[in-house]
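What follows is the residue order along each chain.
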Amino acid sequence: MKKILAFAGSNSSTSINHQLLEALGKEVEVNFELISLCDYGAPLFGVDLKNEQGVPESMQSLHEKMKSADGLIVSAAEHNGSMAAVLKNTFDWLSMLEKKFFLHKPTLFISTSPGPRGAASSLKHLVEIMPFRGAEIVGHKSVPSFYDTVVDGEIRGEIKDELVALIRTLETTINQES
Ligand SMILES: Cc1cc2nc3c(=O)[nH]c(=O)nc-3n(C[C@H](O)[C@H](O)[C@H](O)COP(=O)(O)O)c2cc1C
């Protein structure tokens, strides 16, 4: 069975992006694996560190996980108008293993924040740059006002229909690519 791998661009133990993915996972009809970057810790990327110590095992194992997936969902937190440092750091390490580290996998980018813009700037940045890193983007959506939109682990209102439609597009794409 096809597999979707999902992770939030956050290292918060109470990440709302992780919670959004948990809620969304209930709607996925293929295998769904939700991981946390908290379990894939890596030191701050630096060329000197990379030359001295190589790529951390955690990043190698994340790379393997991404390789084994048929599709990907990344939900991006926003810090100061862009992706959280943990996600940028993860991407910088992954790029040392493979320049196009999204491996041409069908990918859905989403984002959320407590505010009305739903981390839209962070999402926009990812959607602009990640195709150059091998992401075959099938859709994207920012989810505003997380605490009003996701209540008791359930996504409310029209936004749920929009997200489920995106999931279906992702599933259709990965089922077409054998
Ligand atoms: C350092 C910092 C900067 C932030 N900057 C933004 C921002 O630019 N835009 C925004 O919508 N939220 C911002 N926030 C609030 C985050 O959206 C909020 O902390 C959210 O819970 C982060 O997602 P996460 O829980 O998945 O980590 C910021 C939070 C922190 C700690």
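Criteria and thresholds
Here the residue numbers are simple positions, counted from 1 along each chain's written sequence. With pLDDT at 70 or above as the cut-off, local features in this predicted model cover only qualifying residues; side-chain atom pairs require 80 or more to be listed or tallied, and sums for whole chains, interfaces and linings still use all residues. We count a stretch as a helix when DSSP gives it H or I for four or more residues in a row; a strand needs E for two or more, and each element gets its number in order from the N terminus. The exposure label follows from counting other C-beta atoms within 10 Å of a residue's C-beta, where the C-beta atoms are placed from the backbone and the thresholds are 20 or more for buried and 12 or fewer for exposed, leaving partly exposed in between. Should DSSP find at least two bridges between two strands, the strands are regarded as paired. The angle between two axes is taken between their N-to-C directions and runs from 0 to 180 degrees, where each axis is a line fitted to C-alpha atoms and a helix contributes only its stretch in contact. Two residues qualify as a contact pair if the distance between their C-beta atoms, derived from the backbone, is within 7 Å. Any residue whose C-beta atom, as placed from the backbone, lies within 6 Å of a molecule or strand is termed near it. As a working rule, the residues Ala, Val, Leu, Ile, Met, Phe, Trp, Tyr, Cys and Pro are called nonpolar, Asp, Glu, Lys and Arg charged, and the rest polar, with Gly in that last group. Place the viewer so that the strands point away; then a crossover is right-handed whenever the path from the first strand over the helix to the second strand goes clockwise. Here, a nonpolar core means buried Ala, Val, Leu, Ile, Met, Phe, Trp, Tyr and Cys residues linked by C-beta atoms lying within 7 Å of one another. In this scheme, roughly parallel covers angles under 35 degrees and roughly antiparallel covers those over 145, while 65 to 115 is roughly perpendicular and the rest are oblique.

The subject of this paragraph is unusual backbone geometry. A positive phi angle is found at asparagine 80, which is not glycine, with a value near 50°. Turning to its location among the elements, asparagine 80 is positioned in the loop between β4 (78-79) and β5 (82-83). By C-beta crowding, asparagine 80 is classed as exposed, having 9 other C-beta atoms within 10 Å.

Now for the sheet that holds strand β7 (residues 136-143). What the five strands build is an open sheet, ordered β2-β1-β3-β6-β7; its pairing is parallel. A strand with exactly one partner marks an edge of an open sheet, and here the two such strands are β2 (31-35) and β7. This sheet shows a mean twist of 20° between the axes of neighbouring strands, independent of strand direction. In the sheet, strand β3 (residues 71-76) pairs with strand β6 (residues 106-112) via five bridges, with the strands oriented parallel. For alanine 76, the partnering residue across the bridge sits in β6 and is serine 111. Taken strand by strand, helix α5 (residues 120-129) contacts β3, β6 and β7, and its axis lies near 160° from that of β6.

The ligand sits among 16 residues. The nearest are Ser10, Ser15, Asn17, Ala77 and Ser113. Mapped by element, the contributors of at least two residues to the shell around the ligand are α1 (16-25) and β4. Residue composition of the shell around the ligand, grouped by class: five nonpolar, nine polar and two charged.

Our focus in this paragraph is the environment of lysine 100. Counting through the fold element by element, lysine 100 comes out in the loop between α4 (85-97) and β6. C-beta crowding within 10 Å serves as the criterion here: with 14 such atoms nearby, lysine 100 is assigned to the partly exposed category. Placed 65 residues apart in sequence, lysine 100 and isoleucine 35 show a C-alpha to C-alpha distance of 21 Å. When neighbours within four sequence positions are excluded, lysine 100 is seen to be in contact with Arg133 and Gly134.

Attention shifts here to the pairing of β2. Pairing between strand β1 (residues 3-9) and β2: five bridges, direction parallel. Opposite phenylalanine 7, over in β2, you have isoleucine 35 as the bridge partner. Taking the sense of rotation as the criterion, the β-α-β connection linking β1, α1 and β2 turns out right-handed.

On to the nonpolar core, then. With 50 residues, the main nonpolar core has Leu20, Ile73 and Ala76 as its most contacted residues. Contact partners of isoleucine 73, with chain neighbours within four places excluded, come to Ile4, Ala6, Leu21, Leu108 and Ile110.

Let us now look at the packing of helix α3 (residues 57-68) against α4. Close contact between α3 and α4 brings their axes to 10 Å; oriented N to C, the two are set at 75°. Considering their axes alone, α3 and α4 lie roughly perpendicular with respect to each other. Between α3, through Met59, Gln60, Leu62 and His63, and α4, the contact on the second element is made entirely by Trp93, Leu94 and Leu97. Classifying every residue of the contact of α3 with α4 by side-chain character gives five nonpolar, two polar and no charged.

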